[in-house]
There are 4 protein chains.
Amino acid sequence: MTQPIKRIAISTGGGDAPGLNAVIRAVTLAAQRRGWEVFGIREGFNGILLPDRYPVNGVFPITKDMVRGISHLGGTILGTTNHGNPLRFVVTDADGTRREIDRSDDIIDHLRAMNIDALVCVGGDGTLTIANVLHQKGLSKGLRVVGVPKTIDNDLDKTYTTFGFDTAVAFATDCIDRLHSTAESHQRVMVVEVMGRYAGWIALHAGMASTAHAILIPEIPYDLDKIAAKIRARQQAGRNYSIVVAAEGALPKGGQRYLEEKAKLGEVERLGGIGEQLAHQLQEITGKEARAVVLGHLLRGGSPTSFDRLAAMRFGAAAVRALDEGHSGIMVALAFPNVNYVRLEEVAGRMKGVDLDGDTIQTARDIGICLGD
Amino acid sequence: MTQPIKRIAISTGGGDAPGLNAVIRAVTLAAQRRGWEVFGIREGFNGILLPDRYPVNGVFPITKDMVRGISHLGGTILGTTNHGNPLRFVVTDADGTRREIDRSDDIIDHLRAMNIDALVCVGGDGTLTIANVLHQKGLSKGLRVVGVPKTIDNDLDKTYTTFGFDTAVAFATDCIDRLHSTAESHQRVMVVEVMGRYAGWIALHAGMASTAHAILIPEIPYDLDKIAAKIRARQQAGRNYSIVVAAEGALPKGGQRYLEEKAKLGEVERLGGIGEQLAHQLQEITGKEARAVVLGHLLRGGSPTSFDRLAAMRFGAAAVRALDEGHSGIMVALAFPNVNYVRLEEVAGRMKGVDLDGDTIQTARDIGICLGD
Amino acid sequence: MTQPIKRIAISTGGGDAPGLNAVIRAVTLAAQRRGWEVFGIREGFNGILLPDRYPVNGVFPITKDMVRGISHLGGTILGTTNHGNPLRFVVTDADGTRREIDRSDDIIDHLRAMNIDALVCVGGDGTLTIANVLHQKGLSKGLRVVGVPKTIDNDLDKTYTTFGFDTAVAFATDCIDRLHSTAESHQRVMVVEVMGRYAGWIALHAGMASTAHAILIPEIPYDLDKIAAKIRARQQAGRNYSIVVAAEGALPKGGQRYLEEKAKLGEVERLGGIGEQLAHQLQEITGKEARAVVLGHLLRGGSPTSFDRLAAMRFGAAAVRALDEGHSGIMVALAFPNVNYVRLEEVAGRMKGVDLDGDTIQTARDIGICLGD
Amino acid sequence: MTQPIKRIAISTGGGDAPGLNAVIRAVTLAAQRRGWEVFGIREGFNGILLPDRYPVNGVFPITKDMVRGISHLGGTILGTTNHGNPLRFVVTDADGTRREIDRSDDIIDHLRAMNIDALVCVGGDGTLTIANVLHQKGLSKGLRVVGVPKTIDNDLDKTYTTFGFDTAVAFATDCIDRLHSTAESHQRVMVVEVMGRYAGWIALHAGMASTAHAILIPEIPYDLDKIAAKIRARQQAGRNYSIVVAAEGALPKGGQRYLEEKAKLGEVERLGGIGEQLAHQLQEITGKEARAVVLGHLLRGGSPTSFDRLAAMRFGAAAVRALDEGHSGIMVALAFPNVNYVRLEEVAGRMKGVDLDGDTIQTARDIGICLGD
């Protein structure tokens, strides 16, 4: 039988995402309502592993006042980090040798020494993998662990979506909307590069919502000639401009090989991102002026959309509920219409790409969007 | 075996909703891509039933140019109406008697006379009921019918959600966000009335996303004293203001009776909406200044969110796909992650209220929102 | 010669306005940069006059941390009030008689007792009148006073504009934009009531920016038949809907008399605002369905626009600069391209209405907007 | 005495700017109200000079329907171009030699042959210079010319501001707001590059409104060490991140020389824009992770703000009014509170930089923003 909980901690790891603060607030309020104390760990697990960085405490009590009015703010009041992994913590020996050590036990012991009974880990694939290890090692020591999925790219498996993605898509759509009139007025090709190293969700959704003419995603290697043909077809129909949206991880057919060859020549660094590259190539092929716009960091911040705020709150409250019910080693997930729990071990290391047989891709084809194939 | 389609028509009925134009565009492009001709019917079925209202044609060919750049615009290029029902069309006899007649056959015959093989009906419960009748009567005459669900209130059954709702929630959230600072600066109770006659989805989602302190929905009859207690508890904790979000259909416990009694006294008309009423009552009970804000019509218009644009496009393309596959009498529906088909007869006349056992309601309670019970 | 300043206080009075926090931050940073201490007075002058309302101090030191990240937030961290006037403070004698007394000396003495050398008063006409009295009485006691104009309605004289107005116009424009599609889809007349009891700035600017078809302002008494004629002319041109924007203070020709007569009949209360009234009247006259939307409180809150944030910052810094230069009894004002100073006595009690000979009104007429005359 | 006008033409030149369509609509409605016919010239003067590019007419009648609902749309329904200058039109002789010729007479003759009496030229410095030549040569041939200023950068002299600038500042502010939380969560330096080759208005206004920590403008050559010192001072105060906003034309002290030397080494091309450059340099100096975000093209498009829509409408109506009053060779300008006229010859070739002695710069310094000097 599980022990009743008295104290929990919460950690946010990996890249920034709109909705983190709404999760923190929901966890705090739902836990305090159960009479639990809530602690925050600074910047992923740095609050425990790098205590010297923090003038006061790396793990500190979260009060109700601290979470007032934060649901609609971007960022995380705990801070986050996408450097370092507690499972491969880098130490430098006296002789200067650098080694990686697993410090998961330090985290568990630190929390248990504070009488913390449970941990809510909010993060992406990396953080959830760590959460799973902390669960496996920690449970016998009295620490339960629950994960909350966070990924702007929407590439986490076993949850329909998570907070941050809708905000990123909404802002990318707003940006691409803005480029339409300029592209048309100047008769240009605009290539918009959006986040998505391994999965093309943002490119696909924002590209469709903003009626882009071509959308390139990592899941579908593209043929430059197909895109050029689309641009030319539009030209012939009197549409003197085109908008191409490309996920940063989009690759040409046989692209890996192309990059490898470039790498041998030492030229990769000068290539720039996919956006610049495509703009350059399409200008050469089509003879039309082409420009790149890289949205990158703009998609991580901002006030979360109402959809993301609600998803974040539901995740935060569900995490507390799961702990209250005695769970450990699970992640809360969105399985419309409700939130459910999935085993962390089923999630870690798995990536959810765009379903090429799904109706969204089919819709893109049906309404005439070039997917590069 | 079903006949191949050559011509289809599309109709938008009921109240305005953000995303209608994106549906129309997607239907048009997906149909034209299959070599079909597409026709639009003006203002629901008025284009057929009230031909004299239209200087040119009540049913007119939709060209590719007509659907350019309309996906992000609110409204519907076809027009809509929420007056009149073709199944109960009002005619006035020579002697001045008013009768209702069923004109569904007129619609079918008119479309068949134009060699139109299929009809896409976009609308809410009323429109989908009509669509089902048109399907039942029309199929033998060579007319297939597919429905596309439209409801800002999100109260249609058998689809997780539909376009329009996310936009309404997003804008309501924006409005309530704005009221926070004013309510706080002036130490007021603000009552925000939002759409939702039978279902509290908008109130619940927007109220949570904007961190309202009390949310009243038709599914949970409210106790005025509970709301007042919440306001007082906040006051004692140093929060001198409160935000109450109420669906227009929210009712007090035993409220139907209360309204009936008022009606007998002939005072109902002067009561104003639920917002004004609650503001008045809460000011009396708590002694705090209270004001009402009615969002009403503001939630029907505007540019659809990226979520709604995509949902609308997917629905439009799926409707064409369903017709192409030989379907009739079905509605396209969102069953994450994909769109599926459900029988119109399973949808018509059914209402989807907020799931009182779902995790969203549970989350509201967990983070301390007063639901009036 | 003026004494160098060591401590200043700041007060925000009257209705909420987007930009107040940006003023407070700018005053605080600009003062601290000069080595001054900054104090905040709670809720207008209540922090001094009603000390029992505040658990801690009604006048408290503002730290740099308190003003972090507040520039883009609506509201005021000091609180405000639009009840009560220190010059006519209501006291109840032992025998229950209510009298008004002037407590301006109490304010001056309280501040001087705290060694506060100067006061920045942020507010509208009422607050600036108080500021002028405090200046006149306080200067000899060692208190300098500078005013910062605040009015959403834009009706303060001697400054081109001030913060809050642009945000209100922007949001009203957004709302009216949203109503266009719904009005058109449903072929309705929509009457939008916006703030502006004495001046029609918001109605005029938002109505023009959102291409309303008629705009009614207090400065131009309207003739209902002119508006109806405009609606009918649009109808004949195939535009089956119309948007009317009305300032809350708009009056029909001879309207004062009309209201007086109604008042005699005791019916004024039931009239509702100008929006409801106009919708009712226009529906009767034109036979078209008409609806009212009241934006009211929505226009006071929200994140200030970039224009308003900058104006607020410039005003805040200019107020400190004015004090540093030895000024008292002045208000900072926007006189493009720079901020200047005007005597408070020239401002108090004066109202700035829309210039009926200005080019904005001329533009409205030139592009065919009905102004009701 | 001037002839009464019967036909006018309108041309939009140079880069895209939000508000162009609102100008076109206002010109059209104000002219039609006077009984004039209105013609549009496609893409600057290409509609006249390169007639073969246009399947129909390069100069075409603008109907009332064409300008319906365009005021809130970005772009220009006429198209624009920032290639080519009619005063230095490039022709290629039979022997392949390229020469520049002045084709202003062709424009005048073409318009006069169509019985067009007046021309409204909307554009920036280049366009207004052309407008002045057309006025000087055209007046005796019966063509009056009026200019409407357009510059997103706000660098046109003799007008307080013009449409497009407020929209650009608003969107840049929104973008920088979004970067705050990410920069803070990740403890990074973010360098945001905005438009402004010769003048720093956008950087200054958006940087201040979004509370950037350093703002670099062309008018103030920067010292890298000063920026690094600011970042370090923030670090020591516990603020582990910084936002630097740089106009694309910002230069280091002695910067021209630096660029020249780089150019000799053939390395300029690899330098990237000022954003990338600064991020690279600041990361090296401060040891903090730094990233660049280039807003560039995002600032040209989008729906104009209410401020810009109104300014655009007022300019459009004023241009027509000026023509009606018999003017030629003038530009309409914003001189708060009204629009006035200035001679085109006083405007052409003059640039309006940020006033280094103005109160906005003073405010930036007062609230602690590093301006690099």
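The preceding data block contains the structure.
All values derive from a computational prediction rather than experimental measurement. (Residues numbered from 1 in each chain as written. Chains lettered and ligands numbered in written order. Predicted model: local features only at pLDDT ≥ 70, side-chain atom pairs only at ≥ 80, totals over all residues. Heavy atoms only, no water.)

**Details of the interface of chain B and chain A**
Next up, step 1: Contact with chain B, which involves 45 residues of that partner, is made by 45 residues of chain A.
Next up, step 2: Summing both sides of the interface, chain B and chain A together bury roughly 3,900 Å²; the carbon and sulfur share of this comes to 52%.
Next up, step 3: When the area that chain B buries against chain A is broken down by residue, the three leading residues are Asp-359, Asp-366 and Ile-367 of chain B, summing to 15%.
Next up, step 4: Taken together, the connections running from chain B to chain A amount to twelve salt bridges.
Next up, step 5: Linking Asp-177 of chain A and Arg-309 of chain B is a salt bridge whose minimum nitrogen-to-oxygen distance equals 3.0 Å.
Next up, step 6: The tally of links between chain B and chain A comes to 20 residue pairs in polar contact (both at pLDDT 80 or more).
Next up, step 7: Elements supplying a minimum of two residues to the side of chain B that touches chain A: helix H1 (20–33), helix H5 (165–186), helix H6 (201–209), helix H11 (306–324), strand E13 (338–343) and helix H13 (359–366) of chain B.
Next up, step 8: Ranked by residue count, the leading element in the side of chain B that touches chain A is H11 of chain B, at eight residues.
Next up, step 9: Broken down by class, the residue content of the side of chain B that touches chain A amounts to 17 nonpolar, twelve polar and 16 charged. (Contact = heavy atoms within 4.5 Å. Buried area = accessible area lost by both parts, 1.4 Å probe. Salt bridge = Lys/Arg side-chain N within 4 Å of Asp/Glu carboxyl O. Polar contact = N/O pair within 3.5 Å; in protein donor to acceptor, adjacent residues only side chain to side chain. Helix = DSSP H or I, 4+ residues; strand = E, 2+ residues; numbered from the N terminus. Nonpolar A, V, L, I, M, F, W, Y, C, P; charged D, E, K, R; others polar.)

**Concerning the relation of the copies chain B and chain A**
Next up, step 1: Relative to chain A, chain B is turned by 180 degrees and slid 0.0 Å along the rotation axis, the superposed coordinates differing by an RMSD of 0.0 Å. Expressed as an axis order, the relation between the two copies is that of a two-fold axis. No C-alpha of chain B approaches the rotation axis more nearly than that of Phe-336 of chain B, which lies at 3.4 Å.
Next up, step 2: Counting the interface residues of chain B, we find that 100% of their copies in chain A are interface residues as well, pointing to one common contact surface. (Least-squares fit on C-alpha atoms with pLDDT ≥ 70 in both.)

**Quick word on the side chain of Thr-360 of chain D**
Next up, step 1: On the secondary structure map, Thr-360 of chain D appears in helix H13 (residues 359–366).
Next up, step 2: Judged by relative accessible area, which is 10%, Thr-360 of chain D ranks as buried.
Next up, step 3: Setting aside chain neighbours within four positions, we find Thr-360 of chain D in contact with Leu-310 and Arg-314 of chain C together with Leu-204, His-205 and Met-208 of chain D. (Buried < 20%, exposed > 50% of the residue type's maximum accessible area, 1.4 Å probe, protein only.)

**As for the pattern of salt bridges**
Next up, step 1: Across all of its chains, the model carries 84 salt bridges over all chains by this definition.
Next up, step 2: Two residues, Glu-184 of chain A and Arg-68 of chain B, come together in a salt bridge whose shortest N-O distance is 3.9 Å. Of this pair, Glu-184 of chain A sits in helix H5 (residues 165–186) while Arg-68 of chain B sits in the loop between strand E3 (59–61) and strand E4 (89–92), placing the two residues on different chains.
Next up, step 3: By relative accessible area, Glu-184 of chain A is classed as partly exposed at 39%.
Next up, step 4: Between Arg-7 of chain D and Glu-37 of chain D there is a salt bridge, and its shortest N-O distance comes to 3.0 Å. Of this pair, Arg-7 of chain D sits in strand E1 (residues 7–12) while Glu-37 of chain D sits in strand E2 (residues 37–41), placing them 30 residues apart in sequence.
Next up, step 5: One connected set of salt bridges, linked through shared partners, spans Asp-102, Asp-105, Asp-109, Lys-137 and Lys-141 of chain A.

**Considering empty space enclosed by the protein**
Next up, step 1: Tallied over the full model, the rule gives one cavity of 30 Å³ or more.
Next up, step 2: In this structure, the largest cavity encloses a volume near 240 Å³.
Next up, step 3: Along the wall of the largest cavity there are 17 residues; nearest its centre are Phe-307 and Leu-310 of chain C together with Tyr-160, Phe-165 and His-205 of chain D.
Next up, step 4: At the level of secondary structure, the elements contributing two or more residues to the lining of the largest cavity comprise helix H10 (306–324) of chain C together with helix H5 (165–186) and helix H6 (201–209) of chain D.
Next up, step 5: Sorting elements by how many residues they give to the lining of the largest cavity places H10 of chain C first, with five residues.
Next up, step 6: Taken together, the residues that form the lining of the largest cavity break down as eleven nonpolar, four polar and two charged. (1 Å grid on protein atoms, 1.4 Å probe; cavity = no way out; pocket = protein on both sides within 12 Å on 5 of 7 lines; lining within 4 Å. Points joined across faces, edges and corners; volume = space filled by probe spheres on them.)

**Quick notes on the sheet that holds strand E11 (residues 290–294) of chain B**
Residues and elements named next belong to chain B.
Next up, step 1: On the basis of which strands lie adjacent, the open sheet formed by four strands has the order E9-E10-E8-E11 and parallel pairing. Lying at the two open borders of the sheet, with one neighbouring strand each, are strand E9 (214–216) and E11. Ignoring which end each strand starts from, the neighbouring axes of this sheet average 20 degrees apart.
Next up, step 2: Docked against the sheet, helix H7 (residues 224–236) engages strand E8 (189–194), E9 and strand E10 (242–247), running at close to 160 degrees with respect to E10. (Pairing = 2+ DSSP bridges. Axes fitted to C-alpha atoms, helices over the stretch in contact; angles between N-to-C directions.)

**Some thoughts on the sheet that holds strand E13 (residues 338–343) of chain A**
What links the strands of a sheet is backbone hydrogen bonding, and the strands pair in either a parallel or an antiparallel sense.
All names here are of chain A.
Next up, step 1: Taken in spatial order, the seven strands of this open sheet run E3-E2-E1-E6-E7-E12-E13, and their pairing is mixed. Two strands bound the open sheet, and with one partner strand each, they are strand E3 (59–61) and E13. Going from strand to strand, the sheet's axes swing by 30 degrees on average, the running direction of each strand aside.
Next up, step 2: In this sheet, E13 lies alongside strand E12 (residues 330–335) in antiparallel orientation, the contact comprising six bridges. Across the sheet, residue Val-332 finds its bridge partner in E13, namely Tyr-341.

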